[in-house]
Amino acid sequence: MFANTFKPPYYAVIFSSLKELDNLGYEEMAKRMVELVENQDGFLGAESLRDSSGFGITVSYWKDLESIKKWKSNLEHLEAQQRGKELWYKKYKIRVAKVEREYGFERE
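Residues numbered from 1 in each chain as written. Predicted model: local features only at pLDDT ≥ 70, side-chain atom pairs only at ≥ 80, totals over all residues. Heavy atoms only, no water.

## Structural notes on the sheet that holds strand E3 (residues 55–62)
Part 1 of the argument: Taken in spatial order, the four strands make up an open sheet running E2-E3-E1-E4, and their pairing is antiparallel. With one partner strand each, in any of the chains shown, strand E2 (43–50) and strand E4 (89–99) form the two edges of the open sheet. Taken over all neighbouring pairs, the strand axes of this sheet differ in orientation by 15° on average, direction set aside.
Part 2 of the argument: Looking at chain direction, strand E1 (residues 10–19) and E3 are connected through eight bridges and run antiparallel. Its bridge partner being in E3, Leu18 is matched across the sheet by Phe55. (Pairing = 2+ DSSP bridges. Helix = DSSP H or I, 4+ residues; strand = E, 2+ residues; numbered from the N terminus. Axes fitted to C-alpha atoms, helices over the stretch in contact; angles between N-to-C directions.)

## Considering the layout of surface pockets
Empty space among the atoms becomes apparent when a probe as large as a water molecule is rolled across them.
Part 1 of the argument: Estimates place the volume of the largest pocket at around 1100 Å³.
Part 2 of the argument: As for the largest pocket, its lining consists of 35 residues, of which Phe15, Met33, Thr58, Trp71 and His77 are closest to the centre.
Part 3 of the argument: Secondary structure elements with two or more residues in the lining of the largest pocket: E1, helix H1 (26–38), E2, E3, helix H2 (65–72), helix H3 (75–88) and E4.
Part 4 of the argument: Sort the elements by how many residues they give to the lining of the largest pocket and H1 lands first, with eight residues.
Part 5 of the argument: When its residues are assigned to classes, the lining of the largest pocket shows 21 nonpolar, nine polar and five charged.
Part 6 of the argument: Lining of the second largest pocket is provided by 13 residues; of these, Phe2, Ala3, Glu47, Glu102 and Tyr103 occupy positions nearest its centre.
Part 7 of the argument: In terms of residue class, the lining of the second largest pocket is made up of seven nonpolar, three polar and three charged. (1 Å grid on protein atoms, 1.4 Å probe; cavity = no way out; pocket = protein on both sides within 12 Å on 5 of 7 lines; lining within 4 Å. Points joined across faces, edges and corners; volume = space filled by probe spheres on them. Nonpolar A, V, L, I, M, F, W, Y, C, P; charged D, E, K, R; others polar.)

## As for the pairing of E3
Part 1 of the argument: As paired strands, E2 and E3 are joined by seven bridges and run antiparallel to one another. Within E3, the residue paired with Arg50 across the bridge is Gly56.

## Concerning a nonpolar patch on the surface
Part 1 of the argument: A cluster of nonpolar side chains, namely Leu65, Tyr92, Ile94 and Val96, defines an oily patch on the protein surface of about 340 Å² accessible area.
Part 2 of the argument: If you tally residues by element for the nonpolar patch, the top one is E4, at three residues.
Part 3 of the argument: Note on placement: Ile94 falls in strand E4. (Patch = residues over 30% accessible without salt bridge, like charges linked within 9 Å, V, L, I, M, F, W, Y side chains within 5 Å. Areas by Shrake-Rupley, 256 points an atom, 1.4 Å probe, with all protein chains shown as cover. Salt bridge = Lys/Arg side-chain N within 4 Å of Asp/Glu carboxyl O.)

## With respect to unusual backbone geometry
Part 1 of the argument: Look at the link from Pro8 to Pro9: it is a cis peptide, with omega at 10°.
Part 2 of the argument: Along the chain, the position of Pro9 falls in the segment before E1.

## Focus on the packing of H1 against H3
Part 1 of the argument: Direction vectors running N to C along H1 and H3 enclose 155°, while the axes themselves pass 11 Å from each other. Of the possible angle classes, the one that applies to H1 and H3 is roughly antiparallel. Of the two possible hands of crossing, H1 and H3 adopt the one that is left-handed. Here Tyr26, Met29, Arg32, Met33 and Leu36 of H1 lie close against H3, whose contacting residues are Glu76, His77, Glu79, Ala80, Arg83 and Trp88.
Part 2 of the argument: Of the residues contributing to the contact of H1 with H3, the split by class is six nonpolar, one polar and four charged. (Parallel < 35°, antiparallel > 145°, perpendicular 65-115°, else oblique. Left-handed = near helix turned anticlockwise from the far one by under 90°. Contact = heavy atoms within 4.5 Å.)

What is shown is where atoms sit, not what they do.
Given below as C-alpha cells:
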C-alpha cells in the first residue's frame, strides 16, 4: 500500500533488515510499533515489504528531522530496537534521506 505523504520536502527513513528464522514475539512487537508510530508527532506514513528469505524494507516518512529523533528515542521503540538486536535480526541498516520531489503514475 502506498503511504499518503504531503508536498516535499519531507524525510524518509529506510530500514533494510534480514530477520532470523526464529521470530518469537516479533509480530506482536511489530504491531505495537505500528500503533505507536501512527500517533507519533511528525509521522506521515510508511510502506513495508518482506520476502520469504526474511529480507525486508520499511520506508517511513516524516515531517522533519526532529520528529525522527523523537521517534528514535521513544522508550517503547528503544526496547524494540534492543530486542531486535538480541533476538530477531541477523543484520539491518538504516538510512535517512530528504525527499526533495515526488511523482508517480496511476492507471484508472
